[in-house]
There are 2 protein chains.
Amino acid sequence: MNAPNSIAHLLPDVRQRPVPEAFLEALAARFGPEQLSTALAVREQHGRDESPFDVPPPTAVVFAQSTQDVADTVRLASEYEVPVIPYGAGSSLEGHLLAVQGGISLDVSRMNQVLSIDADDLTVTVQPGISRKTLNEAVKHTGLFFPIDPGADASIGGMCSTRASGTNAVRYGTMRENVLALQVVTPSGEVIRTGTRAKKSSAGYDLTRLYVGSEGTLGVITEVTLRLYPLPEAISAAICSFPSVEAAVRTVIQTIQLGVPIARVELIDAGTVACLNRYSKLTLREEPLLLMEFHGTPASVEEQAQTVQGIAREFGGQDFEWAVTPEERTRLWSARHNALFAGLQSRPGARPISTDTCVPISRLADCILETIAEVEASGIPYFLVGHVGDGNFHVGFLIDPNVPQERVLAEDLNHKLVARTLRMGGTCSGEHGVGLHKMGFLLEETGTSAVEVMRSIKRALDPKNIMNPGKIFSL
Amino acid sequence: MNAPNSIAHLLPDVRQRPVPEAFLEALAARFGPEQLSTALAVREQHGRDESPFDVPPPTAVVFAQSTQDVADTVRLASEYEVPVIPYGAGSSLEGHLLAVQGGISLDVSRMNQVLSIDADDLTVTVQPGISRKTLNEAVKHTGLFFPIDPGADASIGGMCSTRASGTNAVRYGTMRENVLALQVVTPSGEVIRTGTRAKKSSAGYDLTRLYVGSEGTLGVITEVTLRLYPLPEAISAAICSFPSVEAAVRTVIQTIQLGVPIARVELIDAGTVACLNRYSKLTLREEPLLLMEFHGTPASVEEQAQTVQGIAREFGGQDFEWAVTPEERTRLWSARHNALFAGLQSRPGARPISTDTCVPISRLADCILETIAEVEASGIPYFLVGHVGDGNFHVGFLIDPNVPQERVLAEDLNHKLVARTLRMGGTCSGEHGVGLHKMGFLLEETGTSAVEVMRSIKRALDPKNIMNPGKIFSL
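Keep in mind the model is a prediction, meaning the values are calculated, not measured.

**Q** Looking at this structure, I do not really get the overall build of chain A. What am I missing?
**A** The helix and strand inventory of chain A stands at 17 helices and 18 strands. In terms of overall size, chain A behaves like a compact globule, its C-alpha atoms giving a radius of gyration of 22 Å where 475 residues would be expected to give roughly 23 Å. Projecting the C-alpha coordinates of chain A onto the three principal axes gives extents of approximately 70 × 60 × 45 Å. Residues classed as buried in chain A amount to 62% of the 475 residues present.

**Q** Whenever I open this one, the relation of the copies chain A and chain B confuses me. Can you help?
**A** Structural alignment of chain A on chain B gives an RMSD of 0.0 Å, achieved by rotating through 180 degrees and translating 0.0 Å along the axis. Look at the turn and shift together and you get a two-fold axis relating the two. Interface overlap between copies: 100% of the residues of chain A at the interface are likewise at the interface in chain B, consistent with a symmetric, same-surface contact.

**Q** In this structure, what is going on with the packing of helix α1 (residues 21–31) of chain A against helix α3 (residues 67–80) of chain A? I would like to understand it.
**A** Residue and element names in this part refer to chain A. Interhelical geometry of α1 versus α3 gives an angle of 165 degrees and a closest axis separation of 10 Å. When the axes of α1 and α3 are compared, the pair comes out roughly antiparallel. The hand of the α1/α3 crossing is right-handed. Where α1 approaches α3, its residues A22, F23, A26, L27, R30 and F31 are matched on the opposing element by Q68, D69, D72, T73, L76, A77 and Y80.

**Q** Could you clarify how one ought to interpret the packing of helix α10 (residues 270–280) of chain B against helix α13 (residues 339–346) of chain B in this entry?
**A** Each pair of packed helices can be summarised by the angle the axes make with each other and by the distance between the axes. Residues and elements named next belong to chain B. Across the interface, α10 lies against α13 with an axial gap of 8 Å and an inter-helix angle of 90 degrees. Between α10 and α13, the angle is such that the two are roughly perpendicular. Judged by residue contacts, T272, C275, L276, R278 and Y279 of α10 engage A339, F341, A342, G343, Q345 and S346 from α13. Looking at the contact of α10 with α13 residue by residue, the class counts come to 6 nonpolar, 4 polar and 1 charged.

**Q** Sorry, what's going on with the sheet that holds strand β3 (residues 84–87) of chain B here?
**A** Residue and element names in this part refer to chain B. Overall, mixed pairing links the 4 strands, which are arranged β1-β2-β4-β3 in an open sheet. A strand with exactly one partner marks an edge of an open sheet, and here the two such strands are β1 (36–37) and β3. Judged from the 2 bridges that link them, β1 and strand β2 (residues 60–63) form a sheet pairing that is antiparallel. Note on β2: the bridge partner recorded for L36 is V62. This element, helix α3 (residues 67–80), spans β2, β3 and β4 (104–107) of the sheet and lies at about 165 degrees to β4.

**Q** What exactly am I supposed to notice about the UniProt feature "domain: FAD-binding PCMH-type" (unreviewed entry) in chain A here?
**A** As annotated in UniProt, the feature "domain: FAD-binding PCMH-type" (unreviewed entry) corresponds to residues 54–231 of chain A in the numbering used here. Helix makes up 23% of residues 54–231 of chain A and strand makes up 24%, while its end C-alpha atoms are separated by 42 Å.

**Q** I tried to follow the side chain of N392 of chain A on my own but got confused; where do I start?
**A** Positionally, N392 of chain A belongs in strand β18 (residues 392–399). Exposure remark for N392 of chain A: the relative accessible area of 0% places this residue in the buried category. For N392 of chain A, the contacting residues outside a window of four places in its chain are D356, T357, C358, G386, H387, G430 and E431 of chain A together with K200 of chain B.

**Q** How do you make sense of the interface of chain A and chain B when you look at a structure like this?
**A** Many structure descriptions define interface size as the accessible area lost when the parts assemble. The interface of chain A with chain B comprises 79 residues on the first partner and 79 residues on the second. Of the roughly 6,000 Å² buried between chain A and chain B, counting both surfaces, carbon and sulfur atoms make up 57%. Its largest share of buried area at the contact with chain B, chain A owes to K200, S202 and Y205 of chain A, together 16% of the area lost on that side. Across the contact surface, chain A and chain B share 6 salt bridges.

**Q** Looking at this model, I keep getting lost on the packing of aromatic side chains. Mind explaining?
**A** The geometry of an aromatic ring pair is captured by the separation of the ring centres together with the interplanar angle, meaning the angle of the planes. Residue and element names in this part refer to chain A. Under the definition given, this model contains 14 aromatic pairs over all chains. With 6.5 Å between their ring centres and 15 degrees between their planes, F294 and F320 make a pair best called stacked. Of this pair, F294 sits in strand β14 (residues 289–296) while F320 sits in the loop between α11 (298–314) and β15 (321–323), placing them 26 residues apart in sequence. Given the relative accessible area of 0%, F294 is considered buried. A relative accessible area of 8% means that F320 is categorised as buried. The interplanar angle of 65 degrees and the centroid separation of 5.7 Å between the aromatic rings of F320 and W322 together place this pair among those described as edge-to-face. A relative accessible area of 41% places W322 in the partly exposed class. Three or more aromatic residues joined by ring pairs form one cluster here, namely F145, Y172 and Y229. Positioned above the aromatic ring of W333 is the side chain of R264, whose terminal nitrogen or guanidinium carbon lies 4.1 Å from the ring centre.

**Q** Honestly, α11 of chain A in this entry has me stumped. Any pointers?
**A** Every α-helical turn comprises 3.6 residues, leaving residues that sit three or four positions apart pointing alike. In this model α11 of chain A runs 25 Å from its N-terminal to its C-terminal C-alpha over 17 residues, within 8% of the 24 Å that 1.5 Å per residue would give. Turning to α11 of chain A, its buried residues are S300, V301, Q304, A305, V308, Q309, I311 and A312 of chain A. Along α11 of chain A, the residues classed as buried sweep out an arc of 165 degrees about the axis, all on the same side. Exposed residues on α11 of chain A whose side chains face more than 90 degrees from its buried face are Q306 and E314 of chain A. Packing partners of the buried residues in α11 of chain A comprise α6 (169–172), β12 (234–241), α9 (245–257), β14 and β15 of chain A together with α11 (298–314) of chain B. Following α11 of chain A by one or two positions, G316 of chain A has its phi on the positive side, about 85 degrees.

**Q** Looking at this structure, I do not really get the domain arrangement of chain A. What am I missing?
**A** Residue and element names in this part refer to chain A. Here the domain parsing of chain A yields domain 1 (8–107), domain 2 (114–230) and domain 3 (234–423). The distance between the C-alpha centroids of domain 1 and domain 3 comes to 36 Å. Carbon and sulfur atoms make up 53% of the surface buried where domain 1 meets domain 3, a total of about 670 Å² over both sides. Here D54 makes a salt bridge to R351, at a shortest N to O gap of 3.5 Å. For the interface between domain 1 and domain 3, the tally reads 2 residue pairs in polar contact (both at pLDDT 80 or more).

**Q** What am I meant to see in the pairing of β3 of chain B here?
**A** Walk down a regular strand and you will see the side chains alternate between the two sheet faces. All names here are of chain B. Here β3 shows no split at all, with V84 and P86 on one side and I85 and Y87 on the other all buried. Inspection of the sheet shows β3 paired to β4 by 4 bridges, in the parallel sense. In the strand pairing of β4, I85 is matched with S105.

**Q** Explain the state of the cysteines to me, please; I cannot follow it from the model alone.
**A** Linking two cysteines covalently through their sulfur atoms gives a disulfide. If you walk through the whole model with that rule in mind, you get 0 disulfides over all chains. We note that C367 of chain A lacks a disulfide partner, and the nearest cysteine sulfur, in C358 of chain A, lies 9.6 Å from it.

**Q** I keep staring at the side chain of E431 of chain A and nothing clicks. Help me out?
**A** All names here are of chain A. On the secondary structure map, E431 appears in the loop between α15 (404–423) and α16 (439–446). By relative accessible area, which is 7% here, E431 ends up buried. Reaching out from E431, the side chain makes a polar contact with the backbone nitrogen of G166 at a distance of 2.9 Å.

**Q** Explain helix α12 (residues 326–337) of chain B here, please?
**A** The terminal C-alpha atoms of α12 of chain B lie 16 Å apart, and with 12 residues this matches the ideal 16 Å at 1.5 Å per residue to within 8%. For α12 of chain B, the complete set of buried residues consists of R329, L332, W333, A335, R336 and H337 of chain B.

**Q** I tried to follow the sheet that holds strand β18 (residues 392–399) of chain B on my own but got confused; where do I start?
**A** All names here are of chain B. If you walk across this open sheet you meet the 7 strands as β15-β12-β14-β13-β17-β18-β16, and the pairing is antiparallel. Only two strands of the sheet have a single neighbouring strand rather than two, namely β15 (321–323) and β16 (351–354). Ignoring strand direction, the axes of neighbouring strands in this sheet form an average angle of 20 degrees. Examined bridge by bridge, strand β17 (residues 382–387) and β18 share 6 bridges and lie antiparallel to one another. Along β18, the bridge assignment pairs H387 with N392. Where helix α9 (residues 245–257) meets the sheet, its contacts fall on β13 (264–268) and β14 (289–296), and the angle it forms with β13 comes to roughly 165 degrees. Packed onto the sheet, helix α15 (residues 404–423) meets β16 and β18 and runs at close to 165 degrees relative to β18.

Definitions and cut-offs
- Residues numbered from 1 in each chain as written.
- Chains lettered and ligands numbered in written order.
- Predicted model: local features only at pLDDT ≥ 70, side-chain atom pairs only at ≥ 80, totals over all residues.
- Heavy atoms only, no water.
- Helix = DSSP H or I, 4+ residues; strand = E, 2+ residues; numbered from the N terminus.
- Rg over C-alpha atoms; globule rule 2.2 N^0.38 Å.
- Buried < 20%, exposed > 50% of the residue type's maximum accessible area, 1.4 Å probe, protein only.
- Least-squares fit on C-alpha atoms with pLDDT ≥ 70 in both.
- Contact = heavy atoms within 4.5 Å.
- Axes fitted to C-alpha atoms, helices over the stretch in contact; angles between N-to-C directions.
- Parallel < 35°, antiparallel > 145°, perpendicular 65-115°, else oblique.
- Left-handed = near helix turned anticlockwise from the far one by under 90°.
- Nonpolar A, V, L, I, M, F, W, Y, C, P; charged D, E, K, R; others polar.
- Pairing = 2+ DSSP bridges.
- UniProt positions renumbered as here; feature names shortened; annotations may be inferred.
- Buried area = accessible area lost by both parts, 1.4 Å probe.
- Salt bridge = Lys/Arg side-chain N within 4 Å of Asp/Glu carboxyl O.
- Phe/Tyr/Trp six-rings, centres within 6.5 Å; stacked < 30°, edge-to-face > 60°.
- Lys NZ or Arg CZ within 6 Å of the ring centre and 35° of its normal.
- Expected span 1.5 Å × (residues − 1).
- Arc of directions from axis to C-beta.
- Domains from an automatic or database assignment.
- Polar contact = N/O pair within 3.5 Å; in protein donor to acceptor, adjacent residues only side chain to side chain.
- Disulfide = S-S within 2.5 Å.

Structure follows, in structure tokens:
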């Protein structure tokens, strides 16, 4: 490893704005100690996420219990020009929650109610603080489910804000496709609705999709109407081991190109399988594998599985091993979702830096193979998993936080992967969002003029720059 | 019929802005007679669409042949503060193309090339002037197709601009779901890209979805990257007649609630079936009918059809009649798409006013039945068709343009239908867009504050208000 030993150029631009005492007093008068905390532990908990950055915590945390609470908080913040950082479950990965310009954290996790289940319309309306698992428990009795599964038990509001997706997106789409409407508190404290419960609409600008993925920079999401889906009559999960990553990826590419409506198809590389075996007490063959799920009628699930098994065999894949019971399936998917923790266990004390690129499916094998070669050559420990049906994969670099050169090297590899992805027609972020970490990558991807359009929108809707300032792009 | 005999309150607010001679001279110097026309016939052709409004035509028409042509035109228009109205196929329905504030029409129909077919990625990149039928001819040899079918052979750029959908949307989504990326000329004449060819992305604000549905008010679309789908192995179309509209609609509701992946399901009411029989020389049973299409493997198509036939029987539906060959299917779908013309033939000299509401599926039967009762009581001739799988249906009022009371009555019925739709949680526009016709409805639907957010975006991105001004909302 041969790299500069300063990470200064990788750190966010921290410029804390003043938080007037009068503002804190006004908050205290409005909320009282049950809903307002300035305790260091609470502030620190709200001042970090799963990103690799250390930034001073927010000055205070407001625990909103209603849209009115949110509107009142934002109105006060606007009056005193204090930054407001919406907070759901704290599971974001790119520094979205960090108070780089100071201000307060607005925690909506107590706004966690299901407001209405409209099973006949396959929709549900929830508050933003509800987690996706809680939501699925709440709608289970209707025979419906909400498919988007980023792994972490994220809040629905947070999933909207980062335009999250995850393992089921190959079939069901991302938050982009599955949010029907939002209630949003604007930066001036007004409450708006961005849509209806109709499945489609051509009524004006698509404000729903503007707020989805805006990472808290344009307002606070206070209600979300989501699409639900009938629980499939049949679900089967299968594992298939391959002689190489390339063989696995080529199987996926052909599956997608044939139009097989596979519900999940995840790649796990051999080293990561070994970590998972140790972490989750599994006995998977330590080769690259695909973890798949098929949804449909029994006949259609059977047909899909046969098609994919046929493709896999052409590329040297093993016979599918089936996880038939819900318990077996849950165990496998939990193991997949624990890849991060399994990776971390393999290098105690390490801190992860995750990539999030997404390429057109035909370039996926090239992109992954070139990346693996480069990462192997670097000597940095890593794990590799991917929502490969979408062309999206994550390399998790496991760096020693006390060795700056490792951080620099990992970020350099990340940057090279992004450059490769852009050459291949892809994006720097498949699902994690930009936050602080990818502001440079976004500029490389879209160019200055497109980011300038985003900036114009931000300035128009948030002229005082109070909503999660310093994220996505600089102003 | 008992209504005021003035339609003044229904007409658009026409305030033509000056078009300086120097601007026209600069255009002429840049483009020459091959690409610039001030002939009255050309201007009149570009100054109307399928809407019921009569507005003076634009001052000139520029025929762009490249992104550079578009950028140069917009830059000149910005310099002289002249309105620019992008024009594709002229098939929009709500007054989108009308020069209510004067200015020029920017015709992109010569920008009709396929720029790249990336069959392995299931994507295609085209210029905006290509029509959907031409696009489908161009990609046919790859075994892929572009599913969005609004009936008219609209331009792809126009379909982006109105967030179009149509008969296939119940399975494949709308333009919202199927545009991956755009190239756009901004109101200052800059060229930006809004996305990549990756299937999903969390990289910054979703500019693609902001421009999709913005009806030419934020810029000119100059390239479009679309998703394609494998042509289904099997396609079957079926017709099923029902004893009542309610029986047909309840069959659809249950089909959707069961999660059957039906590709198309259109309702045609009995009177409209009679019109279609006469217009398209068909011999359909003159009862309410569903026209359906199933896509998939042969086994899955069979399974879907059996499920829906079973549901239909419960509601008194007849045995399905099948259209098996591509020619038979085309004949049926052409007939469906000719409903407007068939309706017009039934009342020679009539002009249509179309509604476009979309409700959550559980309310569809109530919404249609209440509407039919109200329309029948009014005595205005009408036809009724619907993309009922999405909750979207159209009543076409066939009014005598020489009888103002009919226009007033039809608009009053339209307004009552919108009010009913909003009470039921739906939207005033499923797929046609707002244009001039629904500006009031949009305000009723979203409220002033949400429209104010749209206005802020418009003002920020188009400070001189040159891009298709006076549409969607007033400033």
